[in-house]
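Each chain, written out:
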Amino acid sequence: MTGNEIRQAYLDFFKDKGHLIMPSAPLIPQDDPSILWINAGMAPFKPYFDGRKTAPRNRIATSQKCIRTNDIENVGKTVRHHTFFEMLGNFSFGDYFKEEAISWAWEFVTEVLKLPEERLWITIYQNDDEAFQIWHNKIGLSEDRIIRMGKKDNFWEIGTGPCGPCSEIHYDRGEEYGTGDEDVIGGEGDRFLEIWNLVFTQYDKSEDGEYLPLPNKNIDTGMGLERVASILQDCESNYETDLLKPMIEYIAKDTGINYTRDEDTITAFRVIADHIRGITMAVFDGALPSNEGRGYVIRRILRRAVRYAGKLGYQEPFLYRMVPVVIDTLAAGYPELSVKEEHISRIVKAEEERFLQTLDQGLSIIQEMLGKLKASNQNTLSGKDAFKLYDTYGFPLDLTKDILEEADFSIDEDEFKKEMEKQRERARSAREDIGFSGIGNEILYSKLKKDLSGTNFVGYGDLKNEAEIL
Ligand code: ATP
Ligand code: MG
Ligand code: MG
Ligand code: MG
């Protein structure tokens, strides 16, 4: 099955089960300042879950565009994490509950996707005997296939309010994908692939930490489209599926480099393919690169991609040429994409040009810094140096970290944050000095430039702490 066919099969299946099929919400959250991006299928439905609004139907299914900033650094390192991905989800707002959610999930994976039962493993929350009974007695799974896990893995909550246990479906890709300590369910390895998370929202956590039964129990599920495609298409990773392969092929053709030449090449191809996809979709939904918040996420992703492109020999803007390739892979799900092709390419190209102006210089400065550290037998880059790279050469912290990791160095992140804070202070007092409101921006900028001897004055939010939803 192609990615598009899987998406359609999922939506058709849940339509048959009485669900209203809704289009994906935009990646930029509407009326939700708690997250920078929609990062799960349920995120646009929070008002339905907590009762602020009434859902148009008490059963809804979607294929939701998601961006997860907490996974940026995973991209290229695991076979299964993206910045942008699509989450298939079915939701019940006070309607059906555990029994239907589990039975339908099982029916979908075994009868529609036809995944072999012997490859499937289930996790449940340790105390969730109800889920155990359903998996064991109703579905007929043997006890050893149902693994009880702790709160960290199988209980969903953010602060107070609606929360509950979850049950996940994992797919065993076989011993050839690894037999190490990390190749266990929920581990870091690539053997067991978590494909679907079923969240049973049955409690309301009070201010004093009590779990009270929720009068209207909800269901919230999420399944990664790219991961499912990688299984059905028997791919080594998500990147060989029809959803991402055209990007890999484009890079191979354009560079003349063989994708599987070595580990570093594979990583570079994957990072570029993922990142240009994420940037394309983010800009499509109206975000623009900038120095703060959402815009800074795009900037970070793009700069990381530009550096990996440099490793493949690119010294000129190149990512923008891949925008049409990305659009081709997603046009079936999002037909409006092609209308914005030119706009997206233009934004990407301008941003590439901007960063390429300082990239080479920044990279040689890093080498110099590392040379000095090596000479004095140290392996931690100071926060001040990392800040200089950020401030003068436009290197986001995670880009610097990436480079350091490759050379087995670490970074003093606390000191970096302190430097960042100092800069914010300077910017603030500069603003106060000249009275922000009354004076034109030109004067403000020239004063800031003098004070800061750099051009960036805007904050670097701790974006990685953005809450994970599912
Ligand atoms: P993992 O443990 O692999 O990081 P997760 O537990 O963080 O996944 P959930 O929050 O449960 O993921 O999201 C539901 C589903 O969405 C996952 O089971 C997976 O199929 C998919 N998914 C989650 N994060 C990503 C990602 N970064 N890229 C692609 N698919 C993802
Ligand atoms: Mg995760
Ligand atoms: Mg997980
Ligand atoms: Mg999960």
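Bear in mind that the values here come from a model prediction, so they are computed numbers and not experimental data. Residue numbers restart at each chain and count upward from 1, following the sequence in its written direction. Chain letters and ligand numbers both follow the written order, the letters beginning at A and the numbers at 1. Predicted model: local features are reported for residues with pLDDT of at least 70 only, side-chain atom pairs are reported and counted for 80 or more only, and whole-chain, interface and lining totals are derived from all residues.

**What to know about the overall build of the chain**
Each helix corresponds to a stretch of at least 4 residues labelled H or I by DSSP, and each strand to a stretch of at least 2 residues labelled E; elements are numbered beginning at the N terminus. Each helix and strand in the chain was counted, giving 15 helices and 11 strands. A compact globule built from 470 residues should have a C-alpha radius of gyration of about 23 Å, and the chain, at 24 Å, falls within 12% of that. Its C-alpha atoms give the chain principal-axis dimensions of about 70 × 55 × 50 Å. For the chain, the proportion of its 470 residues judged to be buried stands at 40%. Contacts are defined on C-beta atoms placed from the backbone: any two residues whose C-beta positions lie within 7 Å are in contact. Within the chain, contacts between residues at least 6 apart in sequence are counted, and of these 69% link residues at least 24 apart. C-alpha atoms define the radius of gyration in this analysis, and the globule rule sets the expected value at 2.2 Å times the number of residues to the power 0.38. Here a residue counts as buried when 20 or more other C-beta atoms fall within 10 Å of its C-beta, as exposed when 12 or fewer do, and as partly exposed in between; the C-beta atoms come from the backbone.

**Some remarks on the domain arrangement of the chain**
For the chain, the assigned domains are domain 1 (3-232) and domain 2 (244-378). Taken over C-alpha atoms, the centre of domain 1 sits 30 Å from the centre of domain 2. The set of elements that each furnish at least two residues to the side of domain 1 that touches domain 2 consists of helix H1 (3-16) and strand S2 (59-67). Broken down by element, the side of domain 1 that touches domain 2 gets its largest block of residues, three residues, from S2. Put simply, Ala, Val, Leu, Ile, Met, Phe, Trp, Tyr, Cys and Pro go in the nonpolar bin, Asp, Glu, Lys and Arg in the charged bin, and everything else, Gly too, in the polar bin. Along the lines of polarity and charge, the residues of the side of domain 1 that touches domain 2 split into nine nonpolar, six polar and two charged. Where a domain begins and ends is set by an automatic assignment or by a domain database.

**What to know about the packing of helix H7 (residues 245-255) against helix H8 (residues 263-284)**
For the pair H7 and H8, the least separation of the axes is 9 Å and the interaxial angle reads 125 degrees. What the angle tells us is that H7 and H8 run oblique. Our pair here, H7 against H8, has a crossing hand that is right-handed. In this structure, H7 contributes Met 247, Ile 248 and Ile 251 to the contact, and H8 contributes Phe 269, Ile 272, Ala 273, Ile 276 and Arg 277. Note on method: axes are straight lines fitted to C-alpha atoms, helices fitted across the in-contact stretch only, with angles between N-to-C directions ranging 0 to 180 degrees. Convention used here: angles under 35 degrees read as roughly parallel, angles over 145 as roughly antiparallel, angles from 65 to 115 as roughly perpendicular, and any remaining angle as oblique. Left-handed describes a crossing in which the near helix is turned anticlockwise from the far one by less than a right angle; the clockwise case is right-handed.

**Remarks on the confidence of the model for the chain**
Across the chain, the average pLDDT comes to 91, with 92% of residues at or above 70. You can read pLDDT as the predictor saying how much it trusts each residue, on a scale of 0 to 100. In this model residues 450-470 is a low-confidence stretch, pLDDT under 50, and it forms 45 contacts with partners more than four residues away in sequence or in other chains.

**As for the nonpolar core**
The biggest cluster of nonpolar side chains holds 97 residues, and the ones touching the most others in it are Ala 105, Ile 272, Ile 276, Ala 305 and Leu 319. The element best represented in this core is H8, accounting for 11 residues. Per-domain counts for this core show at least three residues from each of domain 1 (3-232) and domain 2 (244-378). Among all residues touching Ile 272, those that are not within four sequence positions of it are Ile 251, Ala 305, Tyr 308 and Ala 309. One finds Phe 387, Phe 395, Leu 404 and Phe 416 within the second-largest nonpolar core, a separate group that totals 15 residues. Here, a nonpolar core denotes buried Ala, Val, Leu, Ile, Met, Phe, Trp, Tyr and Cys residues that are linked to one another through C-beta atoms within 7 Å.

**Side note on the environment of Thr 280**
You can see Thr 280 is positioned in helix H8. We classify Thr 280 as buried; it has 28 C-beta atoms within 10 Å. Residues Thr 280 and Thr 255 lie 25 residues apart in sequence; the distance between their C-alpha atoms is 21 Å. Contacts of Thr 280, omitting those with residues within four sequence positions, involve Val 323, Val 326, Ile 327 and Ile 344.

**Some remarks on helix H4 (residues 129-138)**
Listed as buried for H4 are Ala 131, Ile 134 and Trp 135. The arc that holds the buried residues of H4, viewed along the axis, is 90 degrees, so those residues lie on one side. Opposite the buried face of H4, by more than 90 degrees, sit the exposed residues Asp 129 and Asn 137. At its buried positions, H4 is contacted by helix H3 (98-112), strand S4 (120-125), strand S5 (146-149) and strand S7 (161-172). At the C-terminal side of H4, Gly 140 shows a positive phi close to 90 degrees. This arc corresponds to the set of directions leading from the helix axis out to the C-beta atoms.

**Examining the pairing of strand S8 (residues 192-205)**
Every regular strand shows the same layout, with side chains that alternate between the two sheet faces. Among the 14 residues that make up S8, 10 are buried, leaving the element largely enclosed by the rest of the structure. A pair of strands is labelled paired if DSSP reports no fewer than 2 bridges between them. Relative to strand S9 (residues 211-224), S8 is paired through nine bridges, and the arrangement is antiparallel. Bridge pairing links Trp 196 to Met 223 in S9. Linkage of S8 to S9, two consecutive antiparallel strands, is achieved through a turn of five residues, within which Gly 209 is found at a positive phi near 80 degrees.

**Some details on the pairing of S2**
Counting buried positions along S2 yields eight of nine residues, so the element is predominantly enclosed. Inspection of the sheet shows S2 paired to strand S3 (residues 84-93) by nine bridges, in the antiparallel sense. Its bridge partner being in S3, Gln 64 is matched across the sheet by Met 87.

**Brief notes about the environment of Asn 70**
Secondary-structure assignment places Asn 70 in the loop between S2 and S3. A C-alpha to C-alpha distance of 24 Å links Asn 70 and Asn 90, two positions 20 residues apart in sequence.

**Focus on H7**
Among all positions of H7, only Met 247, Tyr 250 and Ile 251 are buried. Taken end-on, H7 shows its buried residues confined to a sector of 95 degrees, consistent with a single buried face. Taken together, the buried residues of H7 touch H8 and helix H10 (323-330). Gly 256 sits one or two positions beyond H7 and adopts a positive phi of about 75 degrees.

**Focus: unusual backbone geometry**
Of note in the backbone geometry, Asp 31 takes a positive phi value of approximately 55 degrees without being a glycine. Mapped onto the secondary structure, Asp 31 falls in the loop between strand S1 (20-21) and helix H2 (46-49). Here the phi dihedral of Asp 234 falls at roughly 50 degrees; this positive angle occurs in a residue that is not glycine. Mapping Asp 234 onto the fold places it in the loop between helix H6 (225-232) and H7. Given 9 C-beta atoms within a 10 Å radius, Asp 234 is considered exposed.

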